[in-house]
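Secondary and tertiary structure notes
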Amino acid sequence: MIDHVRPAQLTDWFAAAPASGRPLVLDVREPWELQTASVVPDGFELVAIPMGALPDRLAELDATRPVACLCHHGMRSLRVAAFLEHQGFERVANISGGIDAWTQERDASVPRY
């Protein structure tokens, strides 16, 4: 099941995960978007793989780790979360509202675009 987690709830979602490795935020935005605005890892690892490249790079991810997917507003990340769940990932979330909500709820220094 895909969880829907607001940026403000992410720390609690990770804390509720079984001890199966360091939590991961998977940023699926394009490189130009990462240059425009990026999050700072805080209690989680951050990995950036554009959505279109994910099928070819899936082996880089550990299916036993909790993974929260991030994009601009939450639509691409929802599709990626569904893909990961279909691939057997055990604990997957979509960060609802994306990096736009991240700026409003977690870190106002992240530029909005």
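Now for a description of the structure that goes with this document.

Looking at the overall build of the chain
- Counting secondary structure elements, the chain contains 5 helices and 5 strands.
- Its C-alpha atoms give the chain a radius of gyration of 13 Å, near enough to 13 Å, the size a compact globule of 113 residues would have.
- Residues classed as buried in the chain amount to 47% of the 113 residues present.
- Within the chain, contacts between residues separated by at least 24 positions form 67% of all contacts whose residues are at least 6 apart in sequence.

So, the pairing of strand 3 (residues 45-48)
- Note that strand 2 (residues 24-27) and strand 3 share 4 bridges and pair parallel. Bridged to Val-25 within strand 3 is Leu-46.
- Crossover connection from strand 2 via helix 2 (residues 31-36) to parallel strand 3: handedness right-handed.

Describing the side chain of His-72
- For His-72, the location among the structural elements is in the loop between strand 4 (66-70) and helix 4 (75-86).
- Within the structure, the side chain of His-72 is placed 2.8 Å from the backbone oxygen of Tyr-113, a separation counted as a polar contact.
- Setting aside anything within four residues of it in sequence, one finds His-72 in contact with Arg-29, Glu-33, Gly-97, Gly-98, Ile-99, Asp-100 and Tyr-113.

Here is what the cut-offs are and how they apply
Each residue is numbered by its place in its chain's sequence as written, counting from 1. Reporting in this predicted model follows two pLDDT cut-offs: at least 70 for local features of residues, and 80 or more for side-chain atom pairs to be given and counted; totals over whole chains, interfaces and linings ignore these cut-offs and use all residues. Water and hydrogen atoms play no part in the side-chain values, which are based on all heavy atoms of the structure. Numbering of helices and strands runs from the N terminus; a helix is a DSSP stretch of H or I covering at least four residues, while a strand is a stretch of E covering at least two. Values of the radius of gyration come from C-alpha atoms, whereas the globule rule sets the reference at 2.2 Å times the count of residues to the power 0.38. Each residue is assigned to one of three classes by its accessible area relative to the maximum for its type, calculated with a 1.4 Å probe on protein chains only: buried under 20%, partly exposed between the two thresholds, exposed over 50%. Any two residues whose heavy atoms approach within 4.5 Å at even a single point are treated as in contact. Pairing between two strands requires that DSSP report at least two bridges joining them. Orient the strands so they point away from the viewer, and a crossover whose first-strand-to-second-strand path over the helix runs clockwise is right-handed. For this analysis, a polar contact is any N or O atom pair within 3.5 Å, provided that within protein one partner can donate a hydrogen and the other can accept it, and provided that sequence-adjacent residues contribute only side-chain to side-chain pairs.

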